[in-house]
Amino acid sequence: MEYKILKTEIKDNIAFVTINRPEALNALNTRFFNEMDDFVAKVSQMPALRAMIITGEGKAFVAGADIAEMVNKNREEGTAFSRLGQNTFSSFGKLDIPVIAAINGFALGGGLELAMGCDFRIASTKAKFGQPEVSLGLIPGYAGTQRLSRLVGMGDALYLLMTAEMIGAEDALRIGLVQKVVEPEALMETATKVAGIIAAKGPQAIKKVKQVVRQGYELSLIEGEKLEAEQFGSLFGEGSEGREGMKAFLEKRKPEW
Ligand code: CO8
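Residues numbered from 1 in each chain as written. Predicted model: local features only at pLDDT ≥ 70, side-chain atom pairs only at ≥ 80, totals over all residues. Heavy atoms only, no water.

What follows deals with the pairing of strand β2 (residues 14–19). A large share of β2 lies buried, amounting to six of its six residues. Taking every second residue as pointing to the same face, both faces of β2 are buried, with Ile14, Phe16 and Thr18 on one and Ala15, Val17 and Ile19 on the other. Hairpin connection from strand β1 (residues 6–11) to β2: two residues lie between these consecutive antiparallel strands, with Asp12 at a positive phi of about 50°. Bridge count for β2 against strand β3 (residues 51–56) is six bridges, and the pairing is parallel. Bridge assignment links Val17 to a residue of β3, and that residue is Ile54. Between β2 and its parallel partner β3, the chain crosses via helix α1 (residues 30–44), and the hand of that crossover is right-handed. (Buried < 20%, exposed > 50% of the residue type's maximum accessible area, 1.4 Å probe, protein only. Helix = DSSP H or I, 4+ residues; strand = E, 2+ residues; numbered from the N terminus. Pairing = 2+ DSSP bridges. Right-handed = clockwise from strand over helix to strand, strands pointing away.)

As C-alpha cells, then:
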C-alpha cells in the first residue's frame with residue numbers, strides 16, 4: 001500500500017516511522033490506522049529488524065484522534081473507530097521487537113494512547129502530554145482509560161483523565177509516563193542509541209522479555225512465575241541463545257547471536 005501519512009525508513013535494522021500530517025498536528029484518522037496496520041504487518045515479517053521507533057513531524061507527536069473525522073459518527077461508528085485504534089496500538093505489543101515512542105511535541109488524547117501502546121517512551125523537553133477527551137465530552141477510546149492507570153497508577157491517571165490538564169515532560173518523567181527526557185535536538189539520536197543498545201542483546205531474550213512482561217501483566221504472580229520459568233528454560237540447551245551468551249561470557253568474547 002502507498003503511504004500518504006506515514007514516512008517509513010529502515011536503517012541498521014531499525015524501522016523509523018514518522019507520522020507526517022503536520023497541518024493537522026498529526027491527528028489520527030482511518031487512513032493513518034490502515035497505513036500503520038499495513039506497516040506493522042510488514043515489520044512482523046522482517047526477522048532481521050531489531051526495533052521500531054515512532055515519532056511525529058512538526059510541533060506535535062500526535063494531537064489526538066481526528067476530531068473532524070469523529071464529529072458526525074454515530075454510536076456504532078464511534079465504537080468501531082475505537083476498536084480500530086485499540087487494535088492498532090495493541091499490535092505494537094505483539095511484535096517481537098521493542099517499539100519506542102520518540103515524543104517530539106504534543107501527545108494528546110489518541111496521541112498519548114499511541115505512545116502508551118509502545119513499549120516505552122523517550123520525550124523531548126518540548127513534549128506535552130494529556131488526555132483532554134472530557135473537554136470534548138468524550139473519554140479516551142484507544143485504551144487510554146486502561147493503559148494510563150497501569151502505567152502511572154490510579155491517582156495520577158484519574159487526575160489527568162478528569163482534569164484534562166496538559167503536563168510537561170518533567171512531570172511525565174516524575175509519574176513514570178516517560179522513561180527519559182532529552183533536549184529536542186537529541187531526541188532521535190537518543191532513541192536510536194537506545195534501540196542500538198537493545199539490538200546488541202540476544203534477540204530471543206528481548207522477544208521473551210517483552211512477551212513475559214506483557215503477558216505477565218494480565219496474570220497472577222503465581223501464573224506469571226510459571227510463564228517466566230517456561231520461557232527462561234526455552235533459552236537453554238544446545239544451540240540456544242542462552243548457551244551462546246553464557247559461553248561467550250566465560251570465554252571473554254562477544255556473543256554471536
Ligand atoms: N483533530 C483534528 N484536527 C486537529 C486536532 C485533532 N485532534 N488537533 C489539532 N488539529 C488541527 C487544528 O484544527 C488546526 O487546523 P486548522 O489549521 O485547519 O485550523 C491545526 O491542527 C493546528 O492546530 P491549532 O491551530 O489548534 O494549533 P495550536 O498550536 O494553537 O494548538 C493544540 C495546539 C493545543 C494541540 C490544539 O490543536 C488542540 O487542543 N488540539 C486538540 C487536542 C485534543 O483535544 N485531542 C484529543 C482529541 S480526542 C481523542 O484523541 C480521543 C481518542 C480516542 C478516540 C476514540 C474513537 C472513538
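In the vicinity of the ligand there are 24 residues, among which Lys59, Ala63, Ala65, Ile67 and Gly110 approach most closely. Take Ala63: an N or O atom from its main chain is 2.9 Å from a nitrogen atom of the ligand. Here a nitrogen atom of the ligand sits 2.9 Å away from a polar atom, N or O, in the main chain of Ile67. Taken by itself the ligand offers 1100 Å² of open surface, and the protein chains cover 63% of this. Elements supplying a minimum of two residues to the shell around the ligand: α2 (67–70), α3 (75–94), β6 (106–108) and α4 (110–117). Sorting elements by how many residues they give to the shell around the ligand places α3 first, with three residues. Among the residues forming the shell around the ligand, the class breakdown is 13 nonpolar, six polar and five charged. (Near = heavy atom within 4 Å. Polar contact = N/O pair within 3.5 Å; in protein donor to acceptor, adjacent residues only side chain to side chain. Areas by Shrake-Rupley, 256 points an atom, 1.4 Å probe, with all protein chains shown as cover. Nonpolar A, V, L, I, M, F, W, Y, C, P; charged D, E, K, R; others polar.)

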